[in-house]
Amino acid sequence: MEKLMIAGGRPLRGTVQISGAKNSAIALIPAAILSETAVTLDNLPALSDVAIYTELLQELGASVEWSKDQMMIDPSRLLSRPMPNGNVKKLRASYYLMGALLGRFGEATIGLPGGCNFEPRPIDQHIKGFEALGARITNENGALHIQAKELRGAKIYLDVVSVGATINIMLAASRAKGVTTIENAAKEPEIIDVATLLNSMGAKIKGAGTETIRIEGVDALHGCRHSIIPDRIQAGTYMIAAAATRGDVIVDNVIPKHMEALTAKLQEMGVHIYEMDESIRVVGQPEYESVDVKALVYPGFATDLQSPMSSLLTQTRGVSILSDYVYSNRFKHVPELMRMGAKIKVESRSAVIEGSPLSAAKVKATDLRAGASLVIAGLTVEGGVTEITGVEYIDRGYDHLVTNLSNLGAEVWRQND
């Protein structure tokens with residue numbers, strides 16, 4: 001079993017380069033198979049989820065060449081093959097293959113996805129969108145069978161704001177007949193990134209980033225080259241880590257506007273923030289004030305940063321309240337933080353956090369962002385070594401983590417038992 005070992009108590013100092021966005025990459029890779037010719041993606045993060053997607057596309061007959069931060073996908077020989085089991089069960093975002101294959105071939109058979117298990121995330125809004133476009137869907141032995149004689153544009157209102165459903169419907173509607181309108185659409189930057197790729201491939205999408213997206217279907221899409229936006233969640237994690245360790249870190253290759261909700265909360269706590277064109281400098285302070293944080297859909301405070309933020313809030317004076325209005329049960333990291341001495345009480349959708357010093361302990365990451373929370377907690381500990389298992393979850397969203405933290409002066413390493 002592999003463990004992440006952290007000897008904390010060292011302020012992080014220096015510069016860290018942010019990779020391409022994980023939440024974009026896992027949608028852009030399946031989007032590429034809507035093309036008839038090769039698509040090249042630049043600024044691709046080196047993550048386990050990307051590796052799994054590479055294998056999935058190869059199973060479908062696509063040619064995939066992945067070197068460093070670039071991937072070339074040639075889907076010209078792609079086949080519509082049933083994928084009820086195997087790698088699709090390892091990856092939550094494998095559901096994007098539903099929309100991509102439906103748009104390309106008018107059919108898809110995909111096993112229900114896996115991924116982080118912090119809360120059930122139903123795909124009913126995805127199904128609602130596919131059915132509105134004319135698809136017939138059945139669930140057989142844990143796999144969804146989706147078929148449409150012809151996809152036709154429709155007006156679709158999402159009952160809840162869903163990033164996954166918004167993107168999946170965009171993928172299928174890009175090659176449907178007529179015009180599709182998605183109302184109450186998610187507004188995340190990653191949705192704009194996917195729409196930018198599809199438009200470069202010849203799609204006709206307007207309104208991405210607003211609550212109403214309009215897609216005029218086209219008969220075929222072609223290859224192009226696209227650079228993935230920076231990962232705002234990875235950037236936010238390093239910003240929080242810099243503040244938690246009272247460090248001085250320049251987070252480079254970011255879009256500061258994407259970080260506004262986090263930046264505002266850090267400044268409210270007393271952290272000094274300096275924004276530049278494509279970087280943000282975070283300067284920690286000896287003491288922080290407690291704050292209340294509400295995780296909301298974009299442009300609100302990101303739910304993916306809720307867990308890392310909880311570790312920082314243990315370093316404040318007074319009591320903070322951290323609420324999550326996106327996922328109600330995203331607090332599985334709290335018992336692990338309490339093993340390290342955190343004073344936290346979870347009440348429904350909120351965690352009441354009293355500032356207190358943490359101590360080294362053996363803890364387990366239960367999902368991706370919970371793992372990031374424990375890393376930040378370990379970095380703050382004065383004396384002792386924090387041992388984190390469940391490293392495979394962390395690898396789903398943070399490439400070169402040990403190298404990046406080591407370059408910032410942290411004492412962190414991997415260890416196999």
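Please refer to the structure placed before this passage.
The present account deals with the structure reproduced in this document. (Residues numbered from 1 in each chain as written. Predicted model: local features only at pLDDT ≥ 70, side-chain atom pairs only at ≥ 80, totals over all residues. Heavy atoms only, no water.)

Considerations on the packing of helix H1 (residues 22–31) against helix H3 (residues 96–105)
Okay, step 1: Contact geometry for H1 and H3: axes closest at 9 Å, N-to-C directions at 20°. Judged by the inter-axis angle, H1 sits roughly parallel to H3. Both H1 and H3 take part in a crossing whose hand is right-handed. The residues of H3 that touch H1, namely those facing Ile 26, Ala 27 and Pro 30, are Tyr 96, Leu 97 and Ala 100. (Axes fitted to C-alpha atoms, helices over the stretch in contact; angles between N-to-C directions. Helix = DSSP H or I, 4+ residues; strand = E, 2+ residues; numbered from the N terminus. Parallel < 35°, antiparallel > 145°, perpendicular 65-115°, else oblique. Left-handed = near helix turned anticlockwise from the far one by under 90°. Contact = heavy atoms within 4.5 Å.)

Digging into the environment of Glu 289
Okay, step 1: Mapping Glu 289 onto the fold places it in the loop between strand S16 (279–283) and strand S17 (292–295).
Okay, step 2: In this structure the C-alpha to C-alpha distance between Glu 289 and Gly 318, which are 29 residues apart in sequence, comes to 7.1 Å.
Okay, step 3: Only 2.2 Å separates the side chain of Glu 289 from the side chain of Arg 317, close enough to count as a polar contact. (Polar contact = N/O pair within 3.5 Å; in protein donor to acceptor, adjacent residues only side chain to side chain.)

Some details on the packing of aromatic side chains
Okay, step 1: Summed over all chains, the structure comprises 1 aromatic pair.
Okay, step 2: With a centroid separation of 4.9 Å and an interplanar angle of 90°, the aromatic rings of Tyr 95 and Tyr 96 are classed as edge-to-face. The pair Tyr 95 / Tyr 96 is uniform in exposure class, with both members buried. (Phe/Tyr/Trp six-rings, centres within 6.5 Å; stacked < 30°, edge-to-face > 60°. Buried < 20%, exposed > 50% of the residue type's maximum accessible area, 1.4 Å probe, protein only.)

Overview of the sheet that holds strand S12 (residues 212–216)
Okay, step 1: Spatial strand order, S9-S10-S12-S11: 4 strands in an open sheet with mixed pairing. Only two strands of the sheet have a single neighbouring strand rather than two, namely strand S9 (155–157) and strand S11 (204–206). Direction aside, neighbouring strands of the sheet carry axes that sit 15° apart on average.
Okay, step 2: By the bridge criterion, 5 bridges tie strand S10 (residues 179–183) to S12 in an arrangement that is antiparallel. By the bridge assignment, Thr 180 is partnered in S12 with Ile 215.
Okay, step 3: Relative to the sheet, helix H5 (residues 163–173) contacts S9, S10, S11 and S12, its axis offset from that of S10 by approximately 175°. (Pairing = 2+ DSSP bridges.)

A word on the side chain of Asp 304
Okay, step 1: By secondary structure assignment, the location of Asp 304 is in the loop between S17 and helix H9 (306–313).
Okay, step 2: Classification of Asp 304 as buried rests on a relative accessible area of 14%.
Okay, step 3: Among the polar contacts listed, one links the side chain of Asp 304 to the side chain of Asn 23, at a separation of 3.5 Å.
Okay, step 4: Discounting residues that sit within four places of it in the chain, Asp 304 has contacts with Asn 23, Ile 233, Arg 330 and Arg 369.

Some thoughts on the sheet that holds strand S4 (residues 63–67)
Okay, step 1: As summarised here, the arrangement of the 4 strands in space is S4-S5-S3-S13, forming an open sheet in which the pairing is mixed. Each edge of the open sheet is held by one strand with a lone partner, namely S4 and strand S13 (225–227). Averaged over neighbouring strand pairs, the angle between their axes works out to 15° when direction is ignored.
Okay, step 2: With 3 bridges connecting them, strand S3 (residues 39–42) and strand S5 (residues 70–74) associate as antiparallel partners. Each bridged residue has a counterpart across the sheet, and for Val 39 the counterpart in S5 is Ile 73.

A word on the nonpolar core
Okay, step 1: Within the largest apolar cluster, 76 residues are counted, with the highest numbers of intra-cluster contacts made by Tyr 53, Leu 97, Met 170 and Leu 198.
Okay, step 2: Take this core: its biggest share by element is 7 residues, from H5.
Okay, step 3: The contacts of Tyr 53, once residues within four sequence positions are left out, are Ile 26, Ile 29, Pro 30, Leu 91, Ala 93, Ser 94, Tyr 96 and Leu 97.
Okay, step 4: Of all hydrophobic cores here, the second largest spans 65 residues; its members include Leu 12, Val 254, Phe 301 and Leu 401. (Core = buried A, V, L, I, M, F, W, Y, C linked by side-chain atoms within 4.5 Å.)

Some details on the pairing of strand S14 (residues 248–252)
Okay, step 1: Residues Val 249 and Val 251 of S14 are buried on one face, while the alternating residues Asp 248, Ile 250 and Asp 252, pointing to the opposite face, are not.
Okay, step 2: Pairing geometry for strand S2 (residues 13–17) and S14, over 5 bridges, is parallel. Across the sheet, residue Val 16 finds its bridge partner in S14, namely Val 251.
Okay, step 3: Both S14 and S16 contribute to a ladder of 5 bridges, which runs antiparallel. In the sheet register, Val 249 faces S16, and the bridge partner there is Val 282.

So, the pattern of salt bridges
Okay, step 1: Per the stated rule, a full pass over the model turns up 24 salt bridges.
Okay, step 2: With a shortest N-O distance of 2.8 Å, Arg 330 and Asp 304 are connected by a salt bridge. Note that Arg 330 is positioned in the loop between strand S18 (319–324) and helix H10 (334–339) and Asp 304 in the loop between S17 and H9, a separation of 26 residues in sequence. Of the two residues examined, Arg 330 and Asp 304, each falls in the buried class. (Salt bridge = Lys/Arg side-chain N within 4 Å of Asp/Glu carboxyl O.)

Any functional reading would require information beyond the geometric quantities listed.
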